[in-house]
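Inside the fold
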Amino acid sequence: VQLQASGGGLVQAGGSLRLSCAASGFRFDDYVIGWFRQAPGKEREFVAGISWSVGSTLYADSVKGRFAISRDNAKNTVYLQMNSLKPEDTAVYYCAADRDYSGIYYNPMKYGYWGQGTQVTVSS
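A brief look at the structure comes next.

Reading the values: the criteria
- Residues numbered from 1 in each chain as written.
- Predicted model: local features only at pLDDT ≥ 70, side-chain atom pairs only at ≥ 80, totals over all residues.
- Heavy atoms only, no water.
- Disulfide = S-S within 2.5 Å.
- Helix = DSSP H or I, 4+ residues; strand = E, 2+ residues; numbered from the N terminus.
- Buried < 20%, exposed > 50% of the residue type's maximum accessible area, 1.4 Å probe, protein only.
- Contact = heavy atoms within 4.5 Å.
- Phe/Tyr/Trp six-rings, centres within 6.5 Å; stacked < 30°, edge-to-face > 60°.
- Lys NZ or Arg CZ within 6 Å of the ring centre and 35° of its normal.

1. Concerning the state of the cysteines
The final tally for this structure, using the stated rule, is one disulfide. A sulfur-sulfur separation of 2.2 Å characterises the disulfide bridge that pairs Cys21 with Cys95. Looking along the S-S bond of the Cys21-Cys95 disulfide, the torsion reads about 75 degrees, which is the right-handed sense. Highlighted residues: Cys21 in strand 3 (residues 17–24) and Cys95 in strand 9 (residues 91–99), separated in sequence by 74 residues. Here Cys21 and Cys95 have matching classes, each one buried.

2. Focus on the side chain of Ser20
Residue placement: Ser20 occurs in strand 3. If we ignore the near neighbours within four places in the chain, the residues touching Ser20 are Gln4, Ala5, Ser6, Trp35, Thr77, Val78 and Tyr79.

3. Digging into the environment of Ser84
Among the secondary structure elements, Ser84 is positioned in the loop between strand 8 (77–82) and strand 9. On a C-alpha basis, the gap between Ser84 and Phe46 in space is 18 Å, while along the polypeptide they are 38 residues apart. Every residue in contact with Ser84, bar those within four places of it in the chain, is listed here: Gly14, Gly15, Ser16, Arg66 and Asp89.

4. Some thoughts on the packing of aromatic side chains
For any pair of aromatic rings, geometry is given as the distance between the ring centres together with the angle between the planes. All chains considered together, the criterion is met by 12 aromatic pairs. Ring centres 6.3 Å apart and planes at 50 degrees place the aromatic pair Tyr31 and Tyr113 in the tilted group. Of the two residues, Tyr31 is situated in strand 4 (residues 31–38) and Tyr113 in strand 10 (residues 113–114); the sequence distance between them amounts to 82 residues. Here Tyr31 falls in the buried class, since its relative accessible area comes to 7%. A residue is classified by how much of its surface remains accessible, and Tyr113, at 32% relative accessible area, is partly exposed. Ring plane angle 65 degrees and centroid distance 4.7 Å describe the contact between Phe46 and Tyr106, whose orientation is recorded as edge-to-face. With Phe46 in strand 5 (residues 45–51) and Tyr106 in the loop between strand 9 and strand 10, the pair connects residues that are 60 residues apart, well separated along the chain. What makes Phe46 buried here is its relative accessible area of 8%. We classify Tyr106 as partly exposed; its relative accessible area is 48%. Here a set of aromatic residues connected by ring pairs shows up, and it is made of Phe36, Phe46, Tyr94, Tyr105, Tyr106, Tyr111 and Trp114. Between the NZ or CZ atom of Arg44 and the centre of the ring of Tyr94, over which it lies, the distance is 3.9 Å.

Printed below as a string of structure tokens:
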């Protein structure tokens, strides 16, 4: 069971990036998938999440209206489209997954599977 996060990079403020989270060894069908980020010296924080079976989504207030989480059933992949990026979005972004028992989890401790992280750097 593995999650592979990709798509990070360096972008100017106002730019866009799309992150991908691909699963191998299992299907996302009954899982919730979350994106988290961690900046240097800060705690890991929830960014966005999706319930694969229901399709419901949640976002942190800081990214609402700028980020969009989506899924591709055929590719067993979750995406995080990030628009209007700001320097404060700079962080290592992680995708995580766990069984969908009660909806999308904000708490990173609720997720048992994690990708390796991808760096997003937004320059001013």
